[in-house]
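Chain by chain, the residues run as shown.
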Amino acid sequence: MTVAQEHRDRAPETLGFALLTVSDTRTPADDESGRRARAAVEAAGHHVVEALVVRDETAAIRQALGAVLARTDVDVVVVTGGTGIAPRDVTIEAVEPLLDRTLPGFGELFRMLSYRDIGAAAMLSRATAGVAEGRAVFALPGSPAAVDLALAELVLPEAGHVVAQARRGRTG
């Protein structure tokens, strides 16, 4: 057994997820990416404890992220949307300053996997991840296919492992 597998085996089995959809046009009624994220999280045996649609504005994103990180029942935050290169795409600028540690491998792997499906356009994604206050934070593109890919192949298989490692030695 590998060390990574040993860590996964000791990781929490059930996690609380907060889902933040960043969009100026989506509402809870037509948030397809948020709906798919909820379905994937729940199918994996986790709980969605908060789901919000947040305007694509730095202050609004930071406020929403700060609020979910203040909750004791949130282990993982998934932010969808606003990770491209358009002028209104400010998710990365909003999220990164709140991270205690970044996980550059997440974005690298996500773009590698996306390349299989969409080719060189995968380079336009600025998807990123890290840990903040002992919680895993994943910032994903807003397209439903990107959300499906990231959750199925990266986030859900490793979320417990990330959370367990982020909390090692924490005293509070």
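Quick note: structure is the one above.
Residues numbered from 1 in each chain as written. Predicted model: local features only at pLDDT ≥ 70, side-chain atom pairs only at ≥ 80, totals over all residues. Heavy atoms only, no water.

Caption draft 1: Representation of the side chain of Ser23 in the model. Along the polypeptide, Ser23 turns up in the loop between β1 (16-22) and α2 (32-43). Take Ser23: its relative accessible area is 11%, and that puts it in the buried class. Of note is the side chain of Ser23, whose polar atom sits 3.0 Å from the backbone nitrogen of Thr25. Among the polar contacts made by the side chain of Ser23, one reaches the main-chain amide nitrogen of Arg26 at a distance of 2.9 Å. If we ignore the near neighbours within four places in the chain, the residues touching Ser23 are Val53, Val54, Arg55 and Asp56. (Helix = DSSP H or I, 4+ residues; strand = E, 2+ residues; numbered from the N terminus. Buried < 20%, exposed > 50% of the residue type's maximum accessible area, 1.4 Å probe, protein only. Polar contact = N/O pair within 3.5 Å; in protein donor to acceptor, adjacent residues only side chain to side chain. Contact = heavy atoms within 4.5 Å.)

Caption draft 2: Representation of the packing of aromatic side chains. Counted according to the given criterion, the structure contains 2 aromatic pairs. For the pair Phe106 and Phe110, a centre-to-centre distance of 6.4 Å together with 15° between the ring planes defines the contact as stacked. Of this pair, Phe106 and Phe110 both sit in helix α5 (residues 104-118), separated by 4 residues, roughly a single helical turn. Each member of the pair, Phe106 together with Phe110, is buried. (Phe/Tyr/Trp six-rings, centres within 6.5 Å; stacked < 30°, edge-to-face > 60°.)

Caption draft 3: Broad picture of the sheet that holds strand β3 (residues 76-80). Sheet architecture is open: 6 strands sit in the order β2-β1-β3-β6-β5-β4, paired in mixed fashion. The open sheet has two edge strands with one neighbour each: β2 (47-54) and β4 (101-102). Relative to β2, β1 runs parallel, the two being bridged by 7 bridges. Directly across from Ala18, in β2, lies its bridge partner Glu50. Lying over the sheet, α5 contacts β4, β5 (128-132) and β6 (135-140), oriented at roughly 35° with respect to β6. Against the sheet, helix α6 (residues 144-167) makes contact with β1, β3, β5 and β6, and its axis sits at roughly 160° relative to β6, the strand it touches most. (Pairing = 2+ DSSP bridges. Axes fitted to C-alpha atoms, helices over the stretch in contact; angles between N-to-C directions.)

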